[in-house]
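# Summary of structural features
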Amino acid sequence: MDKVPAYDNHFHMSPSGRNIDALKEFESEGGTGITLVTLPYPEVPITKGEDFLESYGITFRLAERARAETSVEVNVAVGPYPVLIVPLAERYGLKAAEGMLMKGMEDAAECIREGKANAIGEVGRPHFPVDKEIWDASNRVLGYGFSLAKELDVPVIIHCENDTNTNYSLSKLAKDNGLAPEMVIKHSSPPLVMDDENFGVMPSIPASKTYIKDALSTGIDRFMIETDYIDDPGKPTAIMACSTVPKKVKWMLASGIATEENIQRICADLPARYYHR
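Residues numbered from 1 in each chain as written. Predicted model: local features only at pLDDT ≥ 70, side-chain atom pairs only at ≥ 80, totals over all residues. Heavy atoms only, no water.

### Some remarks on the pattern of salt bridges
Tallied over the entire structure, the rule returns 16 salt bridges. One salt bridge in this structure joins Lys172 and Asp176, with 2.9 Å as the shortest N-O distance. Highlighted residues: Lys172 and Asp176, both in helix 6 (residues 166-176), separated by four residues, approximately one helical turn. (Salt bridge = Lys/Arg side-chain N within 4 Å of Asp/Glu carboxyl O. Helix = DSSP H or I, 4+ residues; strand = E, 2+ residues; numbered from the N terminus.)

### Description of the pairing of strand 2 (residues 33-37)
Among the five residues of strand 2, five are classified as buried, and the element is accordingly described as predominantly covered. Burial along strand 2 is two-sided: the residues Gly33, Thr35 and Val37 and Ile34 and Leu36 are all buried. Relative to strand 2, strand 1 (residues 7-11) runs parallel, the two sharing three bridges. Across the sheet, the residue bridging to Asp8 is Ile34, located in strand 2. Direction of pairing for strand 2 relative to strand 3 (residues 73-78): parallel, over a ladder of five bridges. Bridge assignment links Gly33 to a residue of strand 3, and that residue is Glu73. (Buried < 20%, exposed > 50% of the residue type's maximum accessible area, 1.4 Å probe, protein only. Pairing = 2+ DSSP bridges.)

### Notes on helix 3 (residues 85-92)
The α-helix winds at 3.6 residues per turn, so residues separated by three or four positions along the chain end up facing the same way. Within the span of helix 3, buried status applies to Ile85, Val86, Leu88 and Ala89. As for helix 3, its buried residues are in contact with helix 4 (94-113) and helix 5 (132-152). Following helix 3 by one or two positions, Gly93 adopts a phi angle in the positive range, close to 95°. (Contact = heavy atoms within 4.5 Å.)

Just geometry here; none of it tells us what the structure is for.
Put into structure tokens, the structure is as follows:
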């Protein structure tokens, strides 16, 4: 292997954060690729559905800079951040809030058609308990996203709760909307790599030693790793530092818990399969 791949499957950059400097640090540690996932940027308050497209534009401009100023492979995911349904419903009513997120889904799909993005994400439902009406509306928005992803043949990156029923419910909702469960990528997933744990959903697990060990102990390397680096200048290492994935890849090889073939699959083959469609 000429260069060991080190792919971070969930990485954020913010105009008000370190953005390209963080990516350069990632690259200097050996990082080779990222999935750049859009954020609810403070620069673009969401007051109507069309505002999501404006926020996606920030992500695209950051991706262009990243490609121009580094050699890191940058795949892009855009979509309406699901937690926003809660404050939007409080301010505008649930029907209007659901419509805004639906419009955000439609515009994300159009961006993919135009070749600006590789995936829909992060979308899903709030990761904390909400009223049934919010939950049901979130699932309607997500189901619509799954149907769009089916048309486009792209993956969907999910932000949602982690409980014993999560992967089953995501798998079922995907099937109900014509999307193969393997096209659903569960962001911030526990190391659930067995078929009877993930129901076909692709785990994207935080790049912690414990999670990586747990996943590889099964003998299965069908998962990706991520930091969820949030690029908040007030919290420079939350959720994980930007350099975590390349450092963990080195550790995986040095400790012997992973082979070069495992790394190739986790950090090159799977990202290529999902984002180069």
